[in-house]
Every structure is written in structure tokens, then in C-alpha cells.
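Structural features, examined
Okay, here's what each chain looks like letter by letter:
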Amino acid sequence: MPRKPYKLFPLRLGVSAVIFASLLCGQTPERAEALWKARRHREANDAFKALVNANPKNADYKVRWGRFFLARFQKADAAALFQEALAIRKDHPGALLGLALVAAEGFESKAVELAKQALEIDPKLVEAQETLARLALEDNDTAKAIEEADKALAISPASPDGLAVRATIELLADRDAGQWLGRIQSAQAYQTIGHFFVLNRRYEEGIEYYRKALALDPELWSARAQLGVNLMRLGEEREAREHLEKCYNNDHRDQPTVNTLRLMDSYKNFVTHKGDGMILKLHKNESELLLPYFEGELKRALQVYEKKYKLKLDRPVQLEVYPEHEDFAVRTMGMPGLGALGVTFGYVVAMDSPSGRKPGAFHWASTLWHELSHVFVLSATKHRVPRWFTEGMAVHEETAISRDWGDRLDREAIFAIKNKKLLPVAELDRGFVRPTYPTQVVVSYFQAGRICDYIKKEWGYDKLLDMMHAFAKGASTIEVFETQLNVKTKDFDERFLAWLDQETKAAVEGFDEWRKRLRNVAELAKASKHDEVIAEATEIRDIYPDYVEAGNVYEFLAEAYLAKQDKKAAIAELERYSKIGGRNPPVIKKLAALLEEADRKKDAASHLERINFVHLHDEELHRKLGDLHMALNDFPGAIREYRAVVAMRPIDKAASHFNLAKAYLQDRQTEQAKDQILLALEAAPGYRPAQKMLLELSK
């Protein structure tokens, strides 16, 4: 019997006149609260509706209804009610706290200010004080977290989150937390501890604290849902489903629960491939195409990182590749500062498929190497490492494997450098968890990567490994810089920023001029003023050479040179574009065609290979690359590309199988060649080239 689809069932703010009239009789705040406590959610919602409609000027009722909605995973409806309460009473502490909780769930920086405002009005509002303690610990500000947690405990010695924050600080540092754990009587406190372990990527320990929460309160569905989600993240799918279905069947249907169950249902459409030290899960519709590329790159990354990190992993790495971005997004739900393309949970890596993104927009191999770096760093440190360091190492490794991989200096980083928005290294984790401006997460990735680049340049790569091992022993960022680099973080910041300013000076100082003159180049190109395009574009090209997106100078120059029949100059500009990291497939194809025409087949093949890292679902590319590899006597390369053509179910099946047969034959794989010839003849029995080859092989 097919499984019914999992659905969200949001409650509604509105109420019909008939229902409203029927609800007015006998509804009290106590009844609404009792229905809520009894988990009779629809009846509780109706009771709150009646109270608010009967008492439209009662801000307290709106706040409680808002808290009900917040508990029912409807943040937008909750926030609307809190705002309505503030319109009635602008200094309502409960409404301000409610908005702080909404903001905190989204890791928004305004949560701190809202909680402070609530406390200024009601200094005894322990939940607001607990919120400040949690927010400080999420920001990795241990001293502030202790201060805020102690204030919460002064208000209420049994404060669940006050005790949880104090215990978590000791537990994360691998110190004895007995004095705080011994006072915990609430399942909520253990759930909070679990939250912080997960936030710090210590998933297995987080799972154990969610279990402790459920041991105290088996009906704490929020803890059970997080237990299920995190078990699923670690690949424990059977138990994860048990917990999540239990939540769903008991009306706990938040987005992580529902979406994770949907995702797990979709696993029937995936094919699992197991190899030496690796497990690959690929969608059945693209498994045949992706397998050789992902398997080869994963194997190469594991071998390189074992040597670089001087570490042999003790279990296989599981890589999951999702053609639907929304399926991948389920993996990152509720996690701040994670990359939009890949995510690592211990030894489990999930990422987008190339088919889920616009061709050229996603370098899947770079993402794979980024995430594999996380696997090694987290394993080496037992997950005891600040976020900035593990992200910085991963960004550093992307460009270490190939200069044209990874991300270049972008506009967001230029603006951050120009406007002095980079964070001190000791506070850099904040940029990933609770950004204060829209692009701060992206900028923090850039900054962390460049910090690791700078450390390698000044102290050597082994010093990065020394830092990694120091973090594994529980040292803080400040301690690691002082013991491993012999420099205080404040002094390091000054030296690093001076180096970065020098490295980016031309782009930062010349950006406004560059942007203005680039618009002029576009106008000149539109008017076919080729000489003027060449003069102007050449002058501004090196101001901001990293810009290879739409409307870049390299393409303008190449088109102008081609219009003047100067193919050599056009090739030179497009090679600059490719070397820096330009990835637009049509542009790279144009370069390859020019190179092949210039009898530079090896270079043409090399550039076309780059497209495989950004757009695997291109039948024409694979066929052309296969032909080039055959011409260069690179028969294994030709086999791989012709296999990709066959995997894409081409219209001309006979010719595609025949090409693959030729490559196998040249590589002296006679039996495989025969198999492909037979497939060619099965597709087209009268296909003469295949008939002829089969006769020759039968002699």
C-alpha cells in the first residue's frame, strides 16, 4: 500500500462568522491554555480566536495567541500578533520577547536588541534573560553567555536554559559540568544542550542530549523531532524515521519533520554505490552519468587529503547528490551559516547535483573538495574546532587544488573591505551564525579562507595543521594564535588586514571607476566600435581582474578581436578568462573551438574538461570531448566521455554505442567493445560501421 504524502497543516488566523458566534460562549483564557496544554491544538486555536475577537484591545490575549502560533511553527502569524499587541501597548514585554524569539529562530541579529528591550520593561522576565544567554553562546561569546545565564539563575535558580547554558559551556570545553547538570530537572534544558552541540557540529553528542531530554519527557516533541533529524543527518535512517513518524502522528508537524520524512520517502529513487572508503547515493535518473565523475573526484580527494592532513579516516564517507535543490535544502534546515551548495555532517556529505543549477553557476567538484575538507578537519579535531577555521580551511583547499576553482574576490568582499566590515578573527564565528548585514555570511567565508591563505604564506601549511590539533585539545582561537603563531589576535588582525588591503588594493580603490568604465565598454561594443572597446577594456581589465561574470572585459575584448580577425588575441583574452575562473560553458566552448582551429587540440580538451566541473548534463560537450581524446590517443578519457553520451539516452544510439566501442577497442578492451557493437546493432541493425567492426572482431 503506498505511503500517504506528509503534509503541513497550518492553523488559521481568520474565523468565520458562524464559528465565531459559536465560540464566544464560555471561552476563557484558562480554557484556551488548558486546550493548548492538552495538545488539542485546533480547539485551542479556536478558543484564542474567540478571545481575541471578543477582546480586540487586550494585548495579553494577542501575545498568548502569538506564542501558541510560535509553538505551532507559524512564525509569520506569531510575529503579526506580537506587532498587533505592540500597537495596543508599545511597551508590552511579552510581545517584545515574542518578536525576539521569532528573530532568534532565524538567527537574526535583532533578537538581542528585542530581548534587551523586554528586560528593560520587566527586569524579572526570566525567559528574556535566558534568550540573551542562548544568543551570546550561539555567538561564541562565552563570557557574555555566563553573565547572562547567571542573571537568569538569579531570577529563577531552576531556570532551564540558564542551567543549560552554564552546563554547555563546560561540556563543550570538555570540563566537568556536574554542578550544573546535577541541578537540571527539565527536559527543556537537555534539549538546549543538544541544540548547542549540533550548532557546534558535534552531532553524536547532541543526539545523546536529545535522548536525555526524551527520557525525562517522552512527549517533548520538539526534542524528538531534532533527534530524528540529526539521526538522519548521520545516516541512521531507520531510527530517524521512527522518531519523525511518531512526531508527525502526534501532530508535531514542523517543516524539519515533514520535509525530512518527504526526503526519506524519495530515497527509493536513489541508487547506492559502494567503493573503497566511500558510499555514493545518486538519483537513478542520473546515476549512470554522474558515477564516473563523482566517484573519481571523491577518490582523488580522499587520497590527497589523507596525505595533506596526515589522517586515515576510520569509516567510509557517504556522499549524497540531490538533483532537486529543495531536497538538499532539507539537510541544512535550521542550521546557520552553512554553504548553499553542500553540507557535512560528520562522515555524511550532502550536496546539489550539477543538474539542479544553471549551467556554469555551480562548480560541483570545488564543492565536493570543500566538504571533504570538513570531513577531515572535523574528524581530526573530534568536532572541536571553531566554525571560522573549518570553513577557512575548506575555502583555502578549493583553490589549493586548482587556481581557477573556488570563489574569487567578489563585490560583496570588496564592499566589506572598503567599508571596514571584516570582523576580528577572535569574533569571526559571529559572521557565520548571526550576520548583521545581508552578505556577511558570504564575506565571512571569504575572510576565513584568506586568513588561512595568509597563515600558509607566512608560517607554512604545517602550521595550519598545528592549529587544527591545538583546537582539538580545546584551545580557543585566542589561545591557538598565541601558542601556535606566537602572535596576539589583535596584532594578527592588523598584519592580516594590511596584507589583504595590499592584495586587493587595485580592485577596492578602483572599483567605482572600473564599474563606470565597464558600462562604457558595453556601450562601445553595442555600437561595434571595436578599436575603442579594445583600448578601453584593456585599460580597466587589470583593475578588477577577478570579475568573470556576465559582461566581463574578457568577453568584450575577445569579441572585438574576432571582429578584427585577430584570433590569436581573442584566444589570449579567453584563456585569461578561463585561467582566472570563468565558467560560462558557451564561452569556454568558443575558446576550445578557436584552440582546435589553431591546432591546439590538447589545450582545447583541457578547457572543455573544465566544463565537466560545472555542467555534466551536456551531450554535445561529452561527444566533442570524446572525439578530442580519441584524436589525442587518450583512450580512457574518450571512454569516459562516450559513456557519458550513452548515459544521456541520445537520439542516435547506434553511433553513440559505436563511438564507445571504438574507444574500448583502442584501449584493448575487446569484450567491452563487442558489447557496445551489439548494442549499436540492436539500436540500428543495418548500421554498417558496426557490422564491419563486428566482422573484423569475429575473425
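Parameters at a glance
- Residues numbered from 1 in each chain as written.
- Predicted model: local features only at pLDDT ≥ 70, side-chain atom pairs only at ≥ 80, totals over all residues.
- Heavy atoms only, no water.
- Helix = DSSP H or I, 4+ residues; strand = E, 2+ residues; numbered from the N terminus.
- Rg over C-alpha atoms; globule rule 2.2 N^0.38 Å.
- Buried < 20%, exposed > 50% of the residue type's maximum accessible area, 1.4 Å probe, protein only.
- Lys, Arg positive; Asp, Glu negative; His and termini not counted.
- Charge placed at Lys NZ, Arg CZ, Asp CG, Glu CD.
- Expected span 1.5 Å × (residues − 1).
- Arc of directions from axis to C-beta.
- Contact = heavy atoms within 4.5 Å.
- Core = buried A, V, L, I, M, F, W, Y, C linked by side-chain atoms within 4.5 Å.
- Pairing = 2+ DSSP bridges.
- Axes fitted to C-alpha atoms, helices over the stretch in contact; angles between N-to-C directions.
- Polar contact = N/O pair within 3.5 Å; in protein donor to acceptor, adjacent residues only side chain to side chain.
- pLDDT = per-residue confidence, 0-100.
- Parallel < 35°, antiparallel > 145°, perpendicular 65-115°, else oblique.
- Phe/Tyr/Trp six-rings, centres within 6.5 Å; stacked < 30°, edge-to-face > 60°.
- Lys NZ or Arg CZ within 6 Å of the ring centre and 35° of its normal.
- Salt bridge = Lys/Arg side-chain N within 4 Å of Asp/Glu carboxyl O.

With that out of the way, let us pick up the overall build of the protein. A count of helical and extended segments in the protein gives 36 helices and five strands. Here the C-alpha atoms of the protein give a radius of gyration of 30 Å, agreeing with the 27 Å that 2.2 N^0.38 yields for 699 residues. The proportion of buried residues among the 699 residues of the protein is 53%. Within the protein, the 104 negative side-chain charges are centred at a point lying 2 Å from the centre of the 103 positive side-chain charges.

Our focus in this paragraph is helix α9 (residues 142-155). Helix length check: α9, at 14 residues, gives a terminal C-alpha distance of 20 Å against a target of 20 Å (1.5 Å per residue), a fit within 8%. Inspection of α9 places Ala145, Glu148, Ala149, Ala152 and Leu153 among the buried residues, and these make up the whole buried set. Looking straight down α9, one finds that the buried residues subtend no more than 140° of arc, so they occupy a single side. Among the exposed residues of α9, those oriented more than 90 degrees off its buried face are Ala143 and Ala154. Lining the buried residues of α9 we find α8 (126-138), α10 (160-172) and α11 (178-181).

Attention now goes to the nonpolar core. Ranked by size, the top nonpolar core spans 116 residues in total, and within it Phe294, Trp364, Leu368, Trp388 and Met467 carry the most contacts. Residue contributions to this core peak at 11 residues, all from helix α26 (residues 489-526). Each residue touching Trp364, except ones within four places of it in the same chain, is listed here: Tyr293, Phe294, Glu297, Met351, Pro354, Asn612, Phe613, Val614 and Leu616. With 42 residues, the next largest nonpolar core counts Ala177, Ala189, Phe328 and Val330 among its residues.

Attention now goes to the sheet that holds strand β1 (residues 270-275). Adjacent strands of a sheet form backbone hydrogen bonds with each other and so pair up, either parallel or antiparallel. Read across the sheet, five strands follow the order β1-β2-β3-β5-β4 without closing on themselves; strand pairing throughout is mixed. In this open sheet, the two edge strands, each paired with only one partner strand, are β1 and β4 (342-345). Put simply, the sheet's adjacent strands are angled 15° from each other on average, direction ignored. Of the pairings in the sheet, the one linking β4 to strand β5 (residues 348-352) comprises four bridges and is antiparallel in character. The residue of β5 that forms the bridge with Gly342 is Met351.

Along the chain, the position of Glu130 falls in helix α8. A polar contact is formed between the side chain of Glu130 and the side chain of Ser159, at a distance of 2.5 Å. Apart from residues lying up to four places away in sequence, Glu130 is in contact with Ala152, Ser159, Pro160, Asp161 and Gly162.

Once that is clear, we can look at the environment of Phe432. By the element assignment, Phe432 lies in helix α22 (residues 430-433). With relative accessibility at 1%, the residue Phe432 sits in the buried group.

When pLDDT is averaged along the protein, the result is 93, and 95% of the positions lie at 70 or above. The weakest mean pLDDT in the protein belongs to helix α1 (residues 17-23) at 41; the strongest belongs to helix α28 (residues 553-563) at 98. A low-confidence stretch, residues 15-25 (pLDDT under 50), is modelled with 11 contacts involving residues beyond four sequence positions or located in other chains.

Interaxial distance between helix α21 (residues 411-418) and α26 falls to 10 Å at its minimum, and their mutual angle equals 105°. Comparing their axes, α26 and α21 come out roughly perpendicular. Between α21, through Arg411, Ile414, Phe415, Ile417 and Lys418, and α26, the contact on the second element is made entirely by Leu500, Asp501, Thr504, Ala507, Val508, Phe511, Asp512, Trp514 and Arg515.

Here we take up the packing of aromatic side chains. Per the stated rule, a full pass over the model turns up 39 aromatic pairs. Ring geometry for Phe294 against Trp364: centres 4.2 Å apart, planes inclined by 20°, an arrangement best described as stacked. Of this pair, Phe294 sits in helix α17 (residues 287-308) while Trp364 is found in helix α19 (residues 364-381), placing the two residues 70 residues apart along the sequence. Note on accessibility: Phe294 and Trp364 belong to one class, buried. Measuring from ring centre to ring centre gives 5.6 Å for Trp388 and Phe389, while their planes differ by 90°; the resulting arrangement is edge-to-face. Summarising the burial analysis for this pair, Trp388 and Phe389 share the class buried. Among the aromatic side chains, those forming a connected cluster through ring pairs are Trp388, Phe389, Tyr454, Trp459, Phe471, Phe481, Phe492, Phe496 and Trp499. Taking NZ or CZ as reference, Arg253 lies 4.1 Å from the ring centre of Tyr248, over its face. In this arrangement the basic side chain of Lys421 is found over the ring face of Tyr437, its NZ or CZ atom lying 4.8 Å from the centre.

Next up on the list: the side chain of Ser656. For Ser656, the position within the fold is in helix α34 (residues 653-666). Since its relative accessible area comes to 4%, Ser656 is described here as buried. Among all residues touching Ser656, those that are not within four sequence positions of it are Arg623, Val645, Val646 and Pro650.

Once that is clear, we can look at the pattern of salt bridges. Under the definition given, this model contains 64 salt bridges. Across the pair Asp46 and Lys49 runs a salt bridge whose closest N-O atoms are separated by 3.6 Å. With a gap of three residues between them, Asp46 and Lys49 both fall in helix α3 (residues 41-54), about one helical turn apart. Judged by its relative accessible area of 8%, Lys49 is buried. The shortest N-O distance in the salt bridge between Arg610 and Asp404 comes to 2.9 Å. With Arg610 in helix α31 (residues 601-612) and Asp404 in the loop between α20 (387-401) and α21, this pair connects stretches of sequence that are 206 residues apart.

With that out of the way, let us pick up unusual backbone geometry. The residue Ser528 is not glycine, and still its phi comes out positive at about 60°. A positive phi angle, close to 60°, is found at Asn633, a residue other than glycine. Position of Asn633 among the secondary structure elements: in the loop between α32 (619-631) and α33 (635-647).

One ladder, built from six bridges, connects β1 with strand β2 (residues 278-283); its direction is antiparallel. Its bridge partner lying in β2, His273 is registered against Leu280. In this antiparallel pair of consecutive strands, β1 and β2, the connection spans two residues, and Gly277 shows a positive phi of 75°.

It is worth spelling out helix α14 (residues 221-233) at this point. Three or four residues apart is the spacing at which side chains of an α-helix point the same way, because the helix has 3.6 residues per turn. An ideal rise of 1.5 Å per residue puts 18 Å on 13 residues; α14 measures up with 18 Å between its terminal C-alpha atoms. Within α14, 11 of the 13 residues are buried, leaving the element largely enclosed by the surrounding structure. Just downstream of α14, Gly235 is the residue with a positive phi angle, here 90°.

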